[in-house]
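Survey of secondary and tertiary structure
The chain contents come next:
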Amino acid sequence: MNRELVTKLLNELRQMPIYDAHTHVMADRPVASHLGDLLGYHYFTELSNSSRGRPVPLPEDPGARIDYVWPHLPQLKGTIQLDWMLGISEAFLGIPRGDWWTKSQKQITERANAAITAKDYCAKVWERSNIKKAYMTNQFDEDLSKHGDARLVPCLRTDDLVFNVDSANGIKRLETCTGETIGENAQAFDRAVAKIFDRFAKWKMGYAALGLPPSFVPDEDVSTTAAGQVLKHAARGEKLTPEGKKVWASFMLDRISAHCARVKAPFCLMPGADRGVYAHGVPSGQDLFRCDGHLRGYDAMLNKYSDVRYPIMVVSDTAGLELVAQGWIRHNVYVFSHWWYANNPADIRRELRRRLDVLPRNKFIGFHSDGYWLEFLLPKFNTYRLQMAIVLAERIEESQVAPSDTLEPLDVQGALALAERVLLRNPDEIMGVK
Amino acid sequence: MNRELVTKLLNELRQMPIYDAHTHVMADRPVASHLGDLLGYHYFTELSNSSRGRPVPLPEDPGARIDYVWPHLPQLKGTIQLDWMLGISEAFLGIPRGDWWTKSQKQITERANAAITAKDYCAKVWERSNIKKAYMTNQFDEDLSKHGDARLVPCLRTDDLVFNVDSANGIKRLETCTGETIGENAQAFDRAVAKIFDRFAKWKMGYAALGLPPSFVPDEDVSTTAAGQVLKHAARGEKLTPEGKKVWASFMLDRISAHCARVKAPFCLMPGADRGVYAHGVPSGQDLFRCDGHLRGYDAMLNKYSDVRYPIMVVSDTAGLELVAQGWIRHNVYVFSHWWYANNPADIRRELRRRLDVLPRNKFIGFHSDGYWLEFLLPKFNTYRLQMAIVLAERIEESQVAPSDTLEPLDVQGALALAERVLLRNPDEIMGVK
Amino acid sequence: MNRELVTKLLNELRQMPIYDAHTHVMADRPVASHLGDLLGYHYFTELSNSSRGRPVPLPEDPGARIDYVWPHLPQLKGTIQLDWMLGISEAFLGIPRGDWWTKSQKQITERANAAITAKDYCAKVWERSNIKKAYMTNQFDEDLSKHGDARLVPCLRTDDLVFNVDSANGIKRLETCTGETIGENAQAFDRAVAKIFDRFAKWKMGYAALGLPPSFVPDEDVSTTAAGQVLKHAARGEKLTPEGKKVWASFMLDRISAHCARVKAPFCLMPGADRGVYAHGVPSGQDLFRCDGHLRGYDAMLNKYSDVRYPIMVVSDTAGLELVAQGWIRHNVYVFSHWWYANNPADIRRELRRRLDVLPRNKFIGFHSDGYWLEFLLPKFNTYRLQMAIVLAERIEESQVAPSDTLEPLDVQGALALAERVLLRNPDEIMGVK
């Protein structure tokens, strides 16, 4: 590693503001109220559950969650996940990282909670993190009409409409929040969804988002009648069959693309996670992926809705180059950043290098945090920034070694321009109602 | 990066001649006639189409193709693909890379075209590139009897015989060029194919080649009768069913192996591409791959034709180690170089390292360009040479750190001997009628 | 590469003892009796068979095996596999690596055999390698009651019970060694398996182990009756149908988990290899893998037997992160080390980096050798140690560049503590009857 060059780049990257194109931050409560909110983040609870070698159910109480995680911290030392917590500790709680290994749980908790409950805590997190924009994950029936902070951008999460119509009380919730009478009527369901899109568009939505299982291949051209046959069962409170689920999901997927086309919003696909696989897992710690998950089920939709922007992120490492190839040739696929399991230094570095090498610089987004509290954005971006500094330094060095008939010269300034492009400008350009 | 070592190795690698085991260079027109031929290369047109965010059909005229690509060059700056164009510019057109960012489209086009139309242009490209041999991609009915340049080696592309018999007017073309009466007779079809092989063998063919879809698993032991049942439909101008297509492809795949065995030529397999997936793509910019594409459908054929050499290249990154494993144990599988999407620095580097670490040094080919014009060979080889220099330097350094009970000592001379083996000698040894 | 740092780490790693959690070393004959035993290791014979370009059957006689391999050594020069042989040569045979390229086959053979037949040879291999424990691979009917060397830990290989019941004379062998009358009775078969487990538990077994084909998805809840229907055919000497094989394997897989739960031993899964694919291969050189092989068929079993430890290794590179994700959330999945084709520097390095970055440090095993003779442990561990030194040095450097809000500081001492954890302590903690 060229330390001098990496240090220089890293320092500059850390000065940049944050545009975070995908988070789970809540509009009305963007920061933690208790250290247990932070240590209760599923990354820590799942690693603790895993590390102890026998499953223990996760308690609800924030204090009890600290008890749950604390004894396992020594096993987690050195992981990037714990580094995020310790980054928060240093940046916002005023507790040096080293204290976590020398002070008691009680001491750390008290100091952390004192910092968190200070009056200016939330403002401090915004300011120190230098966050300009963070895109949220909102359920379709959230009321954001009173939401006034333009830095937190509403995004419509559509999983309940597409995959959970029989389990998340979707029809009733949709009726309640739109005033439509839906019952067994797929057309009315779609009209209600249209209203939801209109409302989110008015709220200046970032995009519609959907998580999908690995290798999902929707049925093509599902009619409203066929969809209605399925909806009937859900309306009666029945669980759908796998076939029924697929028919409905295919219908809705198409409709959501259509609504995105209509309101000129992007449709963000997040394929690859199998939900609820690990029976003894903590909440959000039960999902896995399969390495053979591919992206080729979306071809027909991507071709059909050629005027919709589709940012796509994948949970696996194996679909990384397949996604890059999509962004390379398809005008409406935007390569989104790293999510979950593939969000680790080795995989970040490989994907970033690939993207910088072969994609037009306006076709991919550098990083998003997927964070649940505003506090997580900064340390997660910092993990990425370090790897980005390493990759950019590598490319600078290669360009210095190679004659000009082989590589475009790249200096620190050029590298930072590229970083600004993919970290700051692209999220803004790709996302949003246009 | 050990700059001194990488620089030294790179300089030496750049002195080596080029043996390019797979290109699309044309026998009668190996170099461009217009800058638009070069900028019309599908890598640039597809990236431009992708970068602009809305699909625009590609014009035919070379000048119009420059218009198509030019506005998007700033977005492509820093990609390896554009580096190939700028490498051509510096090496053959006399236009420094920097001028592309400061001069007008008109100026660049005029200077480029002046260079291209100079009398000695073609000779200069040959000479400066130091190309000793380039293997071509020839359709079965090309007449190469007048082709006299031994540097351009004929290779028989068989896709139209195997996968496009119902769409590329294959039967008629085969009848015309061989004098056989085929009609619905699979045996006669095969006799005509035999004549094609005899002709290409007389022309000192490099190999027969075939592109195959991902995870293709041929039917075993398709009889001539069963094949004839399918051919009947194609002969009548009907489109084959997917099942019919598979029966015919399986039959032909076996026959081509048999003909390769007979004339003692290698059979090069290029599996993994899905053709025509992206509806709005430019020509050659509509194909993708899937990351779950595997190679295990060829087992029976590789076992059966144990005396045929099978160089295999893959379009994905995911099949890289699977291919290496094949080359490791199978005596008749030769690991071919990087193709298309996996031909980027990150993937080149990983695969080269794997191959150097575990394969006998006579079992793999370093690089091929896949270039459409002779001009592309040099810059594409230079991209590879840089990555090769980095990998070789890494191995030299590791051998210097590790005691002799752990790693074979490697110095610059030894590294270059290895490079010569896989870049110059292996293509010649593995390819060709023996 | 930071040579000074890598050298320092490597020297320390080489001082550590070896805990080898998976080998094929034989209890009664742990070291070679002839150079031909070592050069007859399948890695060398398969590379020789591959390198010569035409298949030649492997002779039985150790001397003839040397003849088989010797002429191909120049092609194998520089591979990690040959480095293992040359490491043995330097460490145990007193033959410097260079002599292999300058002395005759006869000279090398004679000197090697003289060393091997020396009286203290076996003791010397143990001592110089500093092996504390090596886990063996034992067939279910091996009699280890006289085995007295606690350094060689018995492990029960169950493939013949699960997948080869119709081909390896399993029923008869099981009857003979347990005294049970089995015939067509699945319950009796299971009782006999219980006795085997009791016996191995008494012998302080390390674990039960099983190799599985790629993407195996067992049938759930196979009844003893259904299993008996299949066993009937095997008992009559018939080959099972693919469906029958699957029913039986699913039944046995569940039973073995149950017996592991009962005797409190881990169940080590080794999924991914397709056996006997390459028809012309040398023994053990006929197996390949497919890059789409996933691990998701084990979900039900892993959930059901939540008190059984499951160390899992994979033969592919593609399932690497999927396995890491399993170890990350599942309390009873332990990420085992690199096996076969993925056991090469590029893949070792990527996986090690991933594991260090995201797994609790008590959830994975650094390395195992898979070696057939004790001699192979040291050089194979040394290959790994070099890559580990490189990865640890990289992490140390990153932690020095990154501020403390981003990365846990890591120095040489901390890095070595981590290495001791995963190389020495974890095998002991994860394996064994508890």
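This text goes with the structure placed above it.
First, a word on what this report is: a plain description of the structure on this page. (Residues numbered from 1 in each chain as written. Chains lettered and ligands numbered in written order. Predicted model: local features only at pLDDT ≥ 70, side-chain atom pairs only at ≥ 80, totals over all residues. Heavy atoms only, no water.)

1. Things to note about the overall build of chain A
We count it as follows: Here a helix means four or more residues in a row that DSSP labels H or I, a strand means two or more in a row labelled E, and each is numbered from the N terminus. The globule rule used for comparison is 2.2 Å times the number of residues to the exponent 0.38, while the radius of gyration itself is calculated over C-alpha atoms. Categorising residues by exposure relies on relative accessible area from a 1.4 Å probe, with only protein chains included: less than 20% of the type maximum marks a residue as buried, more than 50% marks it as exposed, and the intermediate range marks it as partly exposed.
Scanning chain A from N- to C-terminus turns up 18 helices and ten strands. Here chain A has a C-alpha radius of gyration of 22 Å; the compact-globule value for 434 residues is 22 Å, and the two agree. Projected onto the principal axes, the alpha-carbon positions of chain A cover approximately 65 × 60 × 45 Å. A burial count over chain A gives 67% of its 434 residues as buried.

2. Regarding the relation of the copies chain A and chain C
Here the second copy of the chain follows from the first by a rotation about an axis and a shift along it. The line we're drawing: We place the copies in one frame by least squares, fitting the C-alpha atoms of every residue whose pLDDT is at least 70 in both.
When chain A is brought onto chain C, the operation consists of a screw motion whose angular component is 120° and whose axial shift is 0.0 Å, with 0.0 Å RMSD remaining. One copy is carried onto the other by what is essentially a three-fold rotation axis. Taking the C-alpha atom as reference, chain A places aspartate 292 of chain A closest to the rotation axis, 2.9 Å from it.

3. Section: the relation of the copies chain C and chain B
Which entries qualify depends on this criterion: Two residues form a contact once any of their heavy atoms are found within 4.5 Å.
Rotating chain C by 120° and translating it 0.0 Å along the rotation axis places it on chain B, where the RMSD comes to 0.0 Å. Mapped onto chain B, only 5% of the interface residues of chain C are again interface residues, and the two copies thus contact each other with different surfaces.

4. Some words on the side chain of asparagine 303 of chain A
Tracing the backbone shows asparagine 303 of chain A in helix H14 (residues 299-304). For asparagine 303 of chain A, the contacting residues outside a window of four places in its chain are Arg330 of chain A together with Val277, Tyr278, Ala279 and His280 of chain B.

5. A word on the packing of helix H16 (residues 345-358) of chain A against helix H17 (residues 345-358) of chain B
Rules: Fitted lines through C-alpha atoms give the axes, limited to the stretch in contact for helices. The angle between two N-to-C directions lies from 0 to 180 degrees. Angles below 35 degrees are treated as roughly parallel, those above 145 as roughly antiparallel, those between 65 and 115 as roughly perpendicular, and all remaining angles as oblique. Throughout this entry, Asp, Glu, Lys and Arg are counted as charged residues, while Ala, Val, Leu, Ile, Met, Phe, Trp, Tyr, Cys and Pro are counted as nonpolar. The remaining residues, Gly among them, count as polar.
Following both chains from N to C, one finds H16 of chain A and H17 of chain B inclined at 125°, their axes separated by 8 Å at the closest point. It follows from the interaxial angle that H16 of chain A and H17 of chain B lie oblique. Taking contact as the criterion, the partners of Arg350, Arg353, Arg354 and Asp357 of chain A in H16 of chain A are, on H17 of chain B, Pro345, Ala346, Asp347, Arg349 and Arg350 of chain B. Partitioned by chemical class, the residues of the contact of H16 of chain A with H17 of chain B number two nonpolar, no polar and seven charged.

6. Quick notes on the sheet that holds strand E3 (residues 152-153) of chain A
Residue and element names in this part refer to chain A. Quick note on the threshold: One requirement defines pairing of two strands: DSSP has to find at least two bridges between them.
A sheet is described by the order of its strands in space; here three strands give the open sequence E1-E2-E3, paired in parallel fashion. A single partner strand is all that each edge strand has here, and the edge strands are strand E1 (18-20) and E3. Against the sheet, helix H17 (residues 377-401) engages E1 and strand E2 (131-135), with an angle of about 100° to E1.

7. Comments concerning unusual backbone geometry
Residues and elements named next belong to chain B. One non-glycine residue, aspartate 221, lies in the positive phi region at around 50°. On the secondary structure map, aspartate 221 appears in the loop between strand E5 (208-212) and helix H13 (224-235). With a phi angle near 60°, lysine 264 is a residue other than glycine that sits in the positive phi range. In this structure, lysine 264 sits in the loop between helix H14 (242-263) and strand E6 (267-271).

8. Looking at the environment of arginine 128 of chain C
All names here are of chain C. Structurally, the position occupied by arginine 128 is in helix H9 (residues 121-129). A sequence separation of 37 residues divides arginine 128 from alanine 91, and the C-alpha atoms of the two residues are 7.6 Å apart. Once residues within four sequence positions are removed from consideration, arginine 128 is found in contact with Ala91, Phe92 and Leu378.

9. Thoughts on the state of the cysteines
This is how the line gets drawn: Disulfide: a pair of cysteine sulfur atoms within 2.5 Å of each other.
All chains considered together, the criterion is met by zero disulfides over all chains. You can see cysteine 155 of chain A has no disulfide; the closest cysteine sulfur is in cysteine 268 of chain A, sitting 8.2 Å from it.

10. Focus on the interface of chain A and chain C
How big an interface is tends to be reported as the loss of accessible area on association of its parts. The condition that has to hold: We define buried area as the total accessible area lost by two parts upon association, computed with a 1.4 Å probe and summed across both. The salt bridge criterion pairs a side-chain nitrogen of Lys or Arg with a carboxyl oxygen of Asp or Glu, the two atoms within 4 Å.
Listed as interface residues are 58 residues of chain A and, on the opposing side, 46 residues of chain C. Taken together, both faces of the contact between chain A and chain C bury some 4500 Å²; the carbon and sulfur share is 54%. Sorting the residues of chain A by area buried against chain C places Met1, Arg3 and Gln75 of chain A first, and these three jointly supply 13% of that buried surface. Here chain A is connected to chain C by nine salt bridges. Between glutamate 397 of chain C and arginine 3 of chain A there is a salt bridge; the shortest N-O distance is 3.0 Å.

11. What to know about the pairing of strand E2 (residues 131-135) of chain B
Regular strands have side chains that alternate between both faces of the sheet. Residue and element names in this part refer to chain B. Bridge analysis of strand E1 (residues 18-20) against E2 gives three bridges, and the strand direction is parallel. Its bridge partner being in E2, aspartate 20 is matched across the sheet by alanine 134. Both E2 and strand E3 (residues 152-153) contribute to a ladder of two bridges, which runs parallel. Bridge pairing links alanine 134 to leucine 152 in E3.

12. Quick word on the interface of chain C and chain B
Inclusion rule: Between N or O atoms, a polar contact is any pair within 3.5 Å; within protein, one atom must be a potential hydrogen donor and the other a potential acceptor, and residues adjacent in sequence are included only when both atoms are from side chains.
Facing the 58 residues of chain C at the interface are 46 residues of chain B. Overall, the association of chain C and chain B removes approximately 4500 Å² of surface from exposure, summing both partners, and the carbon and sulfur fraction of that is 54%. Per-residue buried area on chain C facing chain B is highest for Met1, Arg3 and Gln75 of chain C; these three make up 13% of the total on that side. Remark: the boundary between chain C and chain B carries nine salt bridges. Note that arginine 354 of chain B and aspartate 347 of chain C form a salt bridge whose closest N and O atoms lie 2.7 Å from each other. Between the two partners, chain C and chain B, sit 32 residue pairs in polar contact (both at pLDDT 80 or more).

13. Examining the sheet that holds strand E2 (residues 131-135) of chain C
Residue and element names in this part refer to chain C. Taken in spatial order, the three strands of this open sheet run E1-E2-E3, and their pairing is parallel. Edge positions in the sheet fall to strand E1 (18-20) and strand E3 (152-153), since each has one partner strand and no second. Helix H18 (residues 377-401) contacts E1 and E2 of the sheet and is inclined by roughly 100° relative to E1.

14. Let's talk about helix H11 (residues 186-202) of chain A
Residues and elements named next belong to chain A. In plain terms, the rule: Expected helix span is given by 1.5 Å per residue-to-residue step, counting one fewer step than there are residues.
Over its 17 residues, H11 runs 24 Å from end to end, which matches the ideal 24 Å to within 8%, given 1.5 Å per residue. Buried within H11 we find Ala186, Ala188, Phe189, Asp190, Ala192, Val193, Ala194, Ile196, Phe197 and Phe200. On its buried side, H11 packs onto strand E4 (156-157), helix H9 (159-162), helix H10 (170-178), strand E5 (208-212), helix H12 (224-235) and helix H13 (242-263). For H11, the side-chain oxygen to backbone nitrogen distance between the N-cap and glutamine 187 is 2.8 Å, and the N-cap itself is asparagine 185. Of the residues one or two after H11, lysine 204 is the one with positive phi, at around 60°.

15. Comments concerning the packing of aromatic side chains
Each pair of aromatic rings is reported with the distance of its centres and the angle of its planes. Short version of the rule: In summary, the pairing rule links any two rings of Phe, Tyr or Trp, Trp by its six-membered ring, whose centres are within 6.5 Å, and it sorts them by plane angle into stacked for under 30 degrees, edge-to-face for over 60 and tilted for everything else. Both a distance and an angle decide whether a charge sits over a ring: NZ of Lys or CZ of Arg must be within 6 Å of the ring centre and within 35 degrees of the ring normal.
Counted according to the given criterion, the structure contains 60 aromatic pairs over all chains. Pairing tryptophan 340 of chain B with tyrosine 341 of chain B gives two aromatic rings, centres 5.3 Å apart and planes at 15°, and the pair type is stacked. Among the aromatic residues, ring-to-ring pairing joins Tyr41, Tyr43, Phe44, Trp84, Phe289, Trp339, Trp340, Tyr341, Tyr372 and Phe376 of chain A together with Trp328 of chain C into one connected group. When the ring centre of tryptophan 84 of chain A is taken as origin, the NZ or CZ atom of lysine 380 of chain A, which lies over that ring, is 4.5 Å away. Its guanidinium or amino end placed over the ring of tryptophan 101 of chain B, lysine 77 of chain B lies 4.9 Å from that ring's centre, counting from NZ or CZ.

16. Quick notes on the pairing of E6 of chain B
Residue and element names in this part refer to chain B. The buried count for E6 comes to five of five residues, which makes it a mostly enclosed element. What you see with E6 is no split at all: Phe267, Leu269 and Pro271 on one side and Cys268 and Met270 on the other are buried throughout. Taken together, the five bridges between E5 and E6 define a ladder with parallel strand orientation. Bridge pairing links leucine 210 to leucine 269 in E6.

17. Here's the deal with the environment of alanine 346 of chain B
Among the secondary structure elements, alanine 346 of chain B is positioned in helix H17. Taking the C-alpha atoms as reference, alanine 346 of chain B lies 9.9 Å from aspartate 317 of chain B; in sequence the two are 29 residues apart. Sequence-distant contacts of alanine 346 of chain B, that is, excluding residues within four places in its chain, are made with Arg350, Arg353, Arg354 and Asp357 of chain A.

18. Structural notes on helix H4 (residues 62-69) of chain C
Residue pairs spaced three or four apart in an α-helix point in one direction, given the helix's 3.6 residues per turn. Residue and element names in this part refer to chain C. What counts here: Of all possible arcs, the one meant is that of the directions from the helix axis to the C-beta atoms.
Among the residues of H4, those classed as buried are Arg65, Ile66, Tyr68 and Val69. Looking down the long axis of H4, one finds its buried residues gathered within 155° of arc, a one-sided arrangement. Two or three places before glycine 63, at the opening of H4, aspartate 61 has a side-chain oxygen 3.0 Å from that residue's backbone nitrogen.

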